[in-house]
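Examination of the molecular architecture
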Amino acid sequence: MALVQVLPRRLAGWIATEPDWDEVYAAELPRVLNFFRYRLGHDTEAEDLTARTFEKAWRARHRYRRDLAGLSTWLLTIARHVAIDHLRTQQRHETLNAAAAVPSPEHTPEHLVIQQSDAQRLAGLLATLEPRQRELIAMKYGAGMTNRAIAQATGLSESNVGTILHRAVEVLRGRW
Amino acid sequence: MTFGDTSTDEVSEAWLLALRSEPSPLFKARLRERLHAQEPAADTPMDWPRRALFVVAALTVGAVVIAVPGVRASVAQFVSLFRVVNVVGVPLDPSRLDRLRAEHLDIGTLVGEHVQVLQDPGDPVPVASLADAGAAARMTLATPQWLPSNTQVMETAVMGERAMRITADSHRLQQVMDALGINDLSVPAGLDGLVVDVRVPPVVMIRYDHGNRRRTRLFQARTPQLTLPARVDVPALGEIGLRILGLPPLEAKQFAQAIDWHTTLIVPVPPNATSFRQVDVSGHRGVLIQHQPRDQSPTTTIVWSTPERVFALVSIQQASEALAMASSVR
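Below you will find a few notes about this structure.

The rules behind each value
- Residues numbered from 1 in each chain as written.
- Chains lettered and ligands numbered in written order.
- Predicted model: local features only at pLDDT ≥ 70, side-chain atom pairs only at ≥ 80, totals over all residues.
- Heavy atoms only, no water.
- Helix = DSSP H or I, 4+ residues; strand = E, 2+ residues; numbered from the N terminus.
- Contact = heavy atoms within 4.5 Å.
- Pairing = 2+ DSSP bridges.
- Axes fitted to C-alpha atoms, helices over the stretch in contact; angles between N-to-C directions.
- Core = buried A, V, L, I, M, F, W, Y, C linked by side-chain atoms within 4.5 Å.
- Buried < 20%, exposed > 50% of the residue type's maximum accessible area, 1.4 Å probe, protein only.
- Parallel < 35°, antiparallel > 145°, perpendicular 65-115°, else oblique.
- Left-handed = near helix turned anticlockwise from the far one by under 90°.
- Nonpolar A, V, L, I, M, F, W, Y, C, P; charged D, E, K, R; others polar.
- Arc of directions from axis to C-beta.
- Salt bridge = Lys/Arg side-chain N within 4 Å of Asp/Glu carboxyl O.
- Expected span 1.5 Å × (residues − 1).
- Phe/Tyr/Trp six-rings, centres within 6.5 Å; stacked < 30°, edge-to-face > 60°.

1. With respect to the environment of Leu-180 of chain B
When you line up the elements, Leu-180 of chain B lands in the loop between helix 7 (170–179) and strand 7 (195–200). Each residue touching Leu-180 of chain B, except ones within four places of it in the same chain, is listed here: Arg-96, Arg-99, Leu-100 and Ile-244 of chain B.

Following this line, the structure appears as structure tokens:
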């Protein structure tokens, strides 16, 4: 250990604390799952990768450093890497089309038609985005991250994040 | 898959947000079950106490920086002096750190430039039992004789011995003092090049779960050893350290003169503390800090020492129960 680890970056967090993982789970699970839904567009994969993300986070919980990133950002950073690994392995990008074709038993047929329509259109549009745009859309609208948090997780500047998102939304809007 | 209940004719940001949906209860329950099944993660290498260790070890090092123990009339060139007997909390003024950052004078980095790690303990190693932890740390573990009902030991781990050598740099210290406007004090003569050796024995962590999201971690280590030259005006250096932390000039002077730097561990109270107070832990002086970090539960930290050992108890439960646990450690 060196003092560099003690003062002052770690000083604020020097008292050992750990997150309330039950609260974290309740709060972050929807965000992570929706990130994968937007990122990959397939419910089963999204659930698998969400589970993988939380298991990784759980195993690495002792390495989480509050002074370096908020918990949400930390989790989404793990999720982002899980997605990258997955896409690299699969060598394919799932679209929302396939997912949208699976009807939900919880909804009426009429409602379902509307939803499928929206989902299909959105699936098609998201699939046409550049990978980076889609990733940022997933972080912004799937996970509900702020531009600042996205910047922190991706290493992009905040203004760059804003620009990419703006262009992506413009593309979606133009093609809708 | 469903994307929520919203349908609209145009893509808008609100529409995109509304397309999110909640996880299914089944998925939620299954994943929760899987995660719980992994507890305790006894077969997983862990890094748990790296931060927590600071309660014991880093604070000792911090004490070197802000309060190098006094040598008094020793004629030996090197004297091992430091033995934690008292623990005293000193509130940290976060604006001081902000000012240093603004001046690109991160204290940790500046001092870290002069730290040589002699022995790296590596990552903490989970152990199967308290007996194994005691054997690894070469001490008989002290444990709470009183525990809240339904308490279980969830995890035990040991971090190995750590040793480092710190070389003082009076120029750097002067830079910090200048940045903070500490103009009425001078860097003690003979500080530059002074070498301090710090050895922190193995640290043991025991994690308890009390149910209902209440939990406690108890850290313990044999008292750290410091070896340092016998030619520094320690109260003067300590006063500078206290001023850097943010104590007002008069208070810092009085405190620096009154304190026995041979035996006192200074615990900087972090900015997010809601309160702190001196406490008696079975006849030993300690400090109890309550704080509620963002998105975390209210936490109580108690740091105290016996002549042989330094303890830190970090607990998410009532402060009175945390203190009762600490007081029952034997």
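2. Side note on unusual backbone geometry
Phi is mostly negative for residues that are not glycine, and the peptide bonds are mostly trans. Residues and elements named next belong to chain B. Positive phi is not limited to glycine here, since Arg-138 has a value of about 55°. You can see Arg-138 is positioned in the loop between helix 6 (130–137) and strand 5 (152–159). With phi around 50°, Ser-282 is a residue other than glycine that occupies positive phi space.

3. Concerning the sheet that holds strand 12 (residues 273–281) of chain B
Backbone-to-backbone hydrogen bonds join strands into a sheet, with any given pair of strands oriented parallel or antiparallel. Residues and elements named next belong to chain B. The sheet built from 8 strands is open, its strands ordered 4-5-8-9-15-14-13-12 with antiparallel pairing. In this open sheet, the two edge strands, each paired with only one partner strand, are strand 4 (125–126) and strand 12. Taken strand by strand, helix 6 contacts strand 5, strand 8 (203–211) and strand 9 (214–222), and its axis lies near 15° from that of strand 5.

4. Side note on the nonpolar core
Among the nonpolar cores identified, the biggest contains 51 residues, and Phe-35, Phe-36, Phe-54, Ile-137 and Met-145 of chain A together with Leu-31 of chain B are the most heavily contacted of them. Looking at this core, the elements with two or more residues in it are helix 1 (21–40), helix 2 (43–59), helix 3 (71–90), helix 5 (109–128), helix 6 (131–142), helix 7 (147–154) and helix 8 (158–175) of chain A together with helix 2 (25–37) of chain B. Setting aside its immediate chain neighbours within four residues, Phe-54 of chain A contacts Tyr-25, Glu-28, Leu-29, Val-32 and Leu-75 of chain A together with Leu-31 and Leu-35 of chain B.

5. Digging into the pairing of strand 7 of chain B
All names here are of chain B. Residues of strand 7 alternate between two faces, with Val-196, Val-198 and Val-200 buried on one and Val-195, Asp-197 and Arg-199 left unburied on the opposite face. Pairing between strand 6 (residues 162–167) and strand 7: 6 bridges, direction antiparallel. Along strand 7, the bridge assignment pairs Ile-166 with Val-196. The pairing of strand 7 with strand 10 (residues 225–229) spans 3 bridges and is classified as antiparallel. Among the inter-strand pairings, Val-198 is bridged to a residue of strand 10, identified as Leu-226.

6. Some remarks on the packing of helix 6 of chain A against helix 7 of chain A
All names here are of chain A. Contact geometry for helix 6 and helix 7: axes closest at 10 Å, N-to-C directions at 135°. As summarised for this structure, helix 6 and helix 7 are arranged oblique, according to the angle between their axes. The chirality of how helix 6 crosses helix 7 is right-handed. Every residue of helix 7 that contacts helix 6 at Leu-136, Met-139 and Lys-140 is listed here: Asn-147, Ile-150, Ala-153 and Thr-154. Taken together, the residues of the contact of helix 6 with helix 7 sort by class into 4 nonpolar, 2 polar and 1 charged.

7. Some thoughts on helix 4 (residues 94–102) of chain B
In an α-helix, one turn spans 3.6 residues, which is why side chains three or four residues apart end up on the same side. Residue and element names in this part refer to chain B. What helix 4 keeps buried is the set Arg-96, Leu-97 and Leu-100. Taken down its axis, helix 4 places every buried residue within 95° of arc, on the same side. Positive phi appears at His-104, one or two residues downstream of helix 4, with a value of about 60°.

8. Examining the pattern of salt bridges
Counting across every chain of the model gives 13 salt bridges over all chains. Residue Arg-148 of chain A is joined to Glu-158 of chain A by a salt bridge in which the shortest nitrogen-to-oxygen separation is 3.3 Å. Taken as a pair, Arg-148 of chain A in helix 7 and Glu-158 of chain A in helix 8 lie far apart in primary sequence, 10 residues in all. Arg-199 of chain B is the salt-bridge partner of Glu-161 of chain B, the closest N and O atoms lying 2.8 Å from each other. Taken together, the positions of Glu-161 of chain B in the loop between strand 5 and strand 6 and Arg-199 of chain B in strand 7 put the pair 38 residues apart, joining distant regions of the chain. A relative accessible area of 16% means that Glu-161 of chain B is categorised as buried. Among the charged side chains, a network of salt bridges with common partners joins Arg-138, Glu-161 and Arg-199 of chain B.

9. Thoughts on helix 2 of chain A
The terminal C-alpha atoms of helix 2 of chain A lie 24 Å apart, and with 17 residues this matches the ideal 24 Å at 1.5 Å per residue to within 8%. Along helix 2 of chain A, the residues classified as buried are Glu-45, Ala-46, Leu-49, Thr-50, Ala-51, Thr-53, Phe-54, Glu-55, Ala-57 and Trp-58 of chain A.

10. Quick look at the packing of aromatic side chains
Residues and elements named next belong to chain A. For the structure shown, the criterion picks out 3 aromatic pairs over all chains. Ring centres 5.6 Å apart and planes at 75° place the aromatic pair Tyr-25 and Phe-54 in the edge-to-face group. Here Tyr-25 is found in helix 1, whereas its partner Phe-54 is found in helix 2, with 29 residues between them in sequence. The residues Tyr-25 and Phe-54 share a single accessibility class, namely buried.

11. Details of the pairing of strand 14 (residues 299–305) of chain B
Sheet faces and side chains relate simply in a regular strand, where the side chains alternate between the two faces. Residue and element names in this part refer to chain B. Among the 7 residues in strand 14, 7 count as buried, and that is most of the element. Across the two faces of strand 14 the burial is the same, with Thr-299, Thr-301, Val-303 and Ser-305 and Thr-300, Ile-302 and Trp-304 all buried. By the bridge criterion, 6 bridges tie strand 13 (residues 284–291) to strand 14 in an arrangement that is antiparallel. Paired with Gly-286 across the strands is Trp-304, a residue of strand 14. Bridge analysis of strand 14 against strand 15 (residues 309–316) gives 6 bridges, and the strand direction is antiparallel.

Geometric values such as these leave the question of function open.
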